Amino acid sequence: MSAYTGTTELLRLAWRRDRVLVPLGILAIAGMAVSSAKATLALYPTAESMGGAISEIFASPAAVALYGPIGNPTSPDSLAVVKMTMMGAVFLSLFGYAVVRRHTRSEEEAGRLELLGSGVVGRRAPLAAAVVLATGAVLITCLLTALGYIGLGMQSAGSVAFASGWAASALAFVGITAVAAQLSSTSRSCAGLAGGAIGAAFLLRSIGDSQATLSWLSWISPLGWSTQSAAYGANRSWVALLGVAVLVAGVIGSFALLDRRDLGAGLLAGRRGSAHAPASLSSPVGLAWRLGRPGFLGWLAGFVVGGLVVGGLAKSATDLIKDPGIADMLRKMGGGEGLLEDVYLTTEIGFISVIAAAFGIVVALRLRSEEVAGHTEQVLAGATTRSRVLASHTVIGLLGSAVLMLVLGGVIGVVDAAAGGSAGVGRLLASAAAHVPAVWVCIALAVCAYAWLPRIAAGVAWGALAVFLTVGEFGGLLGLPGWLIDLAPFTHSPRMPVEPFSLPPVVGLLAVAAALLAAAYAGFRRRDIG
Amino acid sequence: MSDAILVSGLRKTFGTTTALDGLDLTVSTGEVHGFLGPNGSGKSTTIRILLGLLRADGGTAQVLGADPWTDVETLHRRLAYVPGDVTMWPNLTGGEVIDFLGRLRGGLDQAKRDALLERFDLDPTKKGRAYSKGNRQKVALVAALASDVDLLLLDEPTAGLDPLMERVFRDCIDEVRADGRTVLLSSHILSEVEALCDRVSIIKDGRTVESGSLTQLRHLTRTSLSAVLDRPATAADLSALHGLHDVVIEGDRLTGSVDTERIGPVLDALGAHGIRALTCQAPTLEELFLRSYQS
Ligand SMILES: Nc1ncnc2c1ncn2[C@@H]1O[C@H](COP(=O)(O)OP(=O)(O)OP(=O)(O)O)[C@@H](O)[C@H]1O
Ligand SMILES: [Mg+2]
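Now for a description of the structure that goes with this document. (Residues numbered from 1 in each chain as written. Chains lettered and ligands numbered in written order. Predicted model: local features only at pLDDT ≥ 70, side-chain atom pairs only at ≥ 80, totals over all residues. Heavy atoms only, no water.)

Here the focus is the overall build of chain B. A count of helical and extended segments in chain B gives eleven helices and 13 strands. Counting only C-alpha atoms, chain B reaches 75 × 40 × 35 Å along its principal axes. Restricting to contacts in chain B with at least 6 residues of sequence separation, those with at least 24 account for 69%. When the accessible area of chain B is evaluated, it comes to approximately 12,300 Å², of which 49% is carbon and sulfur surface. Positive and negative side-chain charges of chain B, numbering 32 and 41 respectively, have mean locations separated by a distance of 4 Å. (Helix = DSSP H or I, 4+ residues; strand = E, 2+ residues; numbered from the N terminus. Contact = heavy atoms within 4.5 Å. Areas by Shrake-Rupley, 256 points an atom, 1.4 Å probe, with all protein chains shown as cover. Lys, Arg positive; Asp, Glu negative; His and termini not counted. Charge placed at Lys NZ, Arg CZ, Asp CG, Glu CD.)

Dropping the structure here:
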């Protein structure tokens, strides 16, 4: 029996389990890419018509830090994909990561691999099957997107370069996740490692893209490769080879690690601990904090680093605007140098609030994984109530996300002030706080989904976040109806410090979050557990 | 109040599966009650309704005089539960899990906890996945036994325990009984049931098929009988004989089974044919259960 015996059977099994999820992911990402490009092309069909749009994009350093540089400033095709390039690369990387983790570490944790491993299945077969499925999903998404672009009449070589850039980023993360799944001993720490890698890659390229002297950082970040392919410009389709190289290295490395460890164990092994529980571990929320603390500290570190980067770039990013005309115009509008900086910071804080919502959703969905693992049953068999059990992870998610946002605002403010910026710590703290209610709506929605639709809670919560994000980014462009755009909580966050604080939307968002939590409780108290 | 658990006509369906179909169960205070039935017959479902984890679709259930669905918090201070498949939090040690579960229940007796750890030979400093199946089971058992509760709900608590630990478990349950506390014990291990239980309930397809003490149940089943006769009996001779079943006659040998309370009259009747050799075998527990499970 070879180490790969049974790979095709496992692949078929994995496909059977994911036959809805994977095609849905492929269609969502490719569909989003093609429809947003179509809408942009309808707005700016020729090079002449797009002059304003391009300078608009380049006028905002926040946009470059978020979306990366445009492949070719004079090509309408390039403009059509500029927003989708980085966002899609992140989505596609998350997609590849999720597929790999789902069929390796999560399966092993649930003990199902053991069941398979005792059958006629080679040692490397499960990992091989997961990597093949994820690679296939990524490549099909890239292929469909390229075909869709060519179908829209966009330049073929550029469309191929675009797809190559995406493939480079996502394939690299397939390989990286394969390694992370071997290093970690739980599905959760695997998520921490791989998610941290995606976050770090985003930060690296965000610095590299917005700082001319540090542009090499974009080349060491797999996410940077999706913009470095310079679609419809230099058309560096060969960047795909970088992704393939990381994938191959990752797979070889993960097989080597796999051969050195026991089933169920990771290389970052667990140690012994205390024979007695600390006093804090005596209630459901105490348990939730204990379980969530390591993850929270990881996110906190990420937000501090993010704050350092955003704050550090604030002053110099505004220097990117060399055009004296624009600077003069801004000054005339009364904002002076500071206004430009505010625009940048407002955009960044708004964007990072979506990431804080992702943290909250991860924590809220722990309610579900705890129930599936049978832990909720054990807790509810104690003298506690359903409301306390439901509140446990919810409170950690709500408070944790608020702390993350405030820390972010504080760090940005302090760093910016140290660099001679003018934004002010107090204003940035207020801005960060103003974004918290929208974050809470997303978390409350996840809790509500868990209470009423436990089986599909993760899909509902992440799907909603993805929709909120894309509706906010592309809603106007696609001509979506106003009510649909208004569904996204983030569009209601006061855009501080550019705009002043406004109470009604904040009160409205808090009311929606409270209503969702009340609905969650109403559902949770009457349903079966387990 | 003399019944710790009083369940009647309990119904529960999951989609199209009927898990409980009018189940009755009475457990008196202070007894160790065996809860038996084939796989999928509804034992765990019943216990989870008694814990307020599942909501019954019909029938009534009372635990320690309270409604298990509405009086959760006060009721759970007085009971402890050991699930059949104990899963541990990967990053918590066994000792932490024991303390946590005990505190949730309103505190646990430290001296008792340490004594139980000793008796079960359990290392409380290991973390989640480092425990073997039996050791995970021990963690839940220690947590349940260390708290001073009136009722223990045990769902196959000894699955995975080695014989030595099984004996420790039996000693512990005997002590619980001596304290006048009540135990509902679901189990597939018949020797354990025989050794521990005052009364048993056997369920099948979500319905109670037998309930009573083991002697009572034995009495309900048949004794197998094999006799060699001087004058071979014909089937016609025996057809009028009440209480003799499954008769097979091969030459001078007759085998069959007899209702336990009819042994006397049947032997009298066979005596008329001249008994040369006779073996009578009381039903083993296993036969008793197999018969209930298959009926
Ligand atoms: N959450 C659920 N969803 C759907 N069906 C369920 C669920 N829980 C139990 N069932 C079904 O209810 C029936 C009774 O299950 P239960 O677990 O109570 O059996 P059991 O007597 O404990 O069996 P075992 O001896 O194997 O532990 C089974 O047919 C099972 O498939
Ligand atoms: Mg069961």
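Here helix α9 (residues 156–183) of chain A contains 28 residues, and its C-alpha end-to-end distance of 41 Å stays within 8% of the 40 Å for a straight helix at 1.5 Å per residue. Counted residue by residue, α9 of chain A has 22 buried out of 28 residues, so it is predominantly covered. (Expected span 1.5 Å × (residues − 1). Buried < 20%, exposed > 50% of the residue type's maximum accessible area, 1.4 Å probe, protein only.)

How big an interface is tends to be stated in terms of accessible area lost as the parts join. Contacts between the two partners involve 41 residues from chain A and, on the opposite side, 41 residues from chain B. The junction of chain A with chain B conceals about 3,400 Å² of combined surface from both sides, 52% of it contributed by carbon and sulfur atoms. Of all residues in chain A, the largest losses of buried area upon contact with chain B belong to E377, Q378 and A383 of chain A, amounting jointly to 18% of the total for that side. Put simply, chain A and chain B have five salt bridges between them. Salt-bridge contacts for R48 of chain B lead to E377 of chain A; the nearest nitrogen and oxygen are separated by 2.8 Å. At the boundary of chain A and chain B, one finds 31 residue pairs in polar contact (both at pLDDT 80 or more). Broken down by element, the residue count for the side of chain A that touches chain B peaks at five residues, all from helix α17 (residues 375–380) of chain A. (Buried area = accessible area lost by both parts, 1.4 Å probe. Salt bridge = Lys/Arg side-chain N within 4 Å of Asp/Glu carboxyl O. Polar contact = N/O pair within 3.5 Å; in protein donor to acceptor, adjacent residues only side chain to side chain.)

Looking now at the environment of A282 of chain B. Residue and element names in this part refer to chain B. For A282, the location among the structural elements is in the loop between β13 (275–281) and α11 (285–294). For A282, a relative accessible area of 53% translates into the label exposed. Between the C-alpha atom of A282 and that of V258, which follows or precedes it by 24 residues, the distance is 9.8 Å.

Right, let's talk about the site of ligand 1 for a bit. Residue and element names in this part refer to chain B. If you check the shell around ligand 1, you find 13 residues, and the closest are G40, K43, S44, T45 and H188. Here S41 contributes a backbone N or O atom positioned 3.2 Å from an oxygen atom of ligand 1. Backbone polar atom of G42 to an oxygen atom of ligand 1: 2.9 Å apart, as the coordinates give it. When ligand 1 sits alone it has 630 Å² of accessible area, and the protein chains cover 65% of it. For the shell around ligand 1, the elements supplying multiple residues, two or more each, are β2 (17–28) and α1 (43–50). The element contributing the most residues to the shell around ligand 1 is α1, with three residues. For the shell around ligand 1, the per-class residue count stands at three nonpolar, eight polar and two charged. (Near = heavy atom within 4 Å. Nonpolar A, V, L, I, M, F, W, Y, C, P; charged D, E, K, R; others polar.)

Moving on, we come to unusual backbone geometry. A cis amide bond links M496 of chain A with the next residue in sequence, P497 of chain A, at an omega value of 0 degrees. For P497 of chain A, the position within the fold is in the loop between α22 (482–487) and α23 (503–524). A positive phi is found at D121 of chain B, a non-glycine position, where the angle reads about 55 degrees. You can see D121 of chain B is positioned in the loop between α4 (110–119) and α5 (133–145).

Per the stated rule, a full pass over the model turns up 28 salt bridges over all chains. Across the salt bridge formed by E371 of chain A and R527 of chain A, the nearest N and O atoms sit 3.0 Å from each other. In this pair, E371 of chain A sits in helix α16 (residues 336–372) while R527 of chain A sits in the segment after α23, placing the two residues 156 residues apart along the sequence. Residue class for E371 of chain A comes out buried when judged on its relative accessible area of 4%. Overall, the relative accessible area of 11% leaves R527 of chain A in the buried class. A salt bridge links R78 of chain B to D150 of chain B; the nearest nitrogen and oxygen atoms lie 2.9 Å apart.

The residue L510 of chain A is located in helix α23 in this model. Those residues within four positions of L510 of chain A in sequence are excluded, and the remaining contacts are P437 and W440 of chain A.

Function cannot be inferred from these measures alone, as they are strictly geometric.
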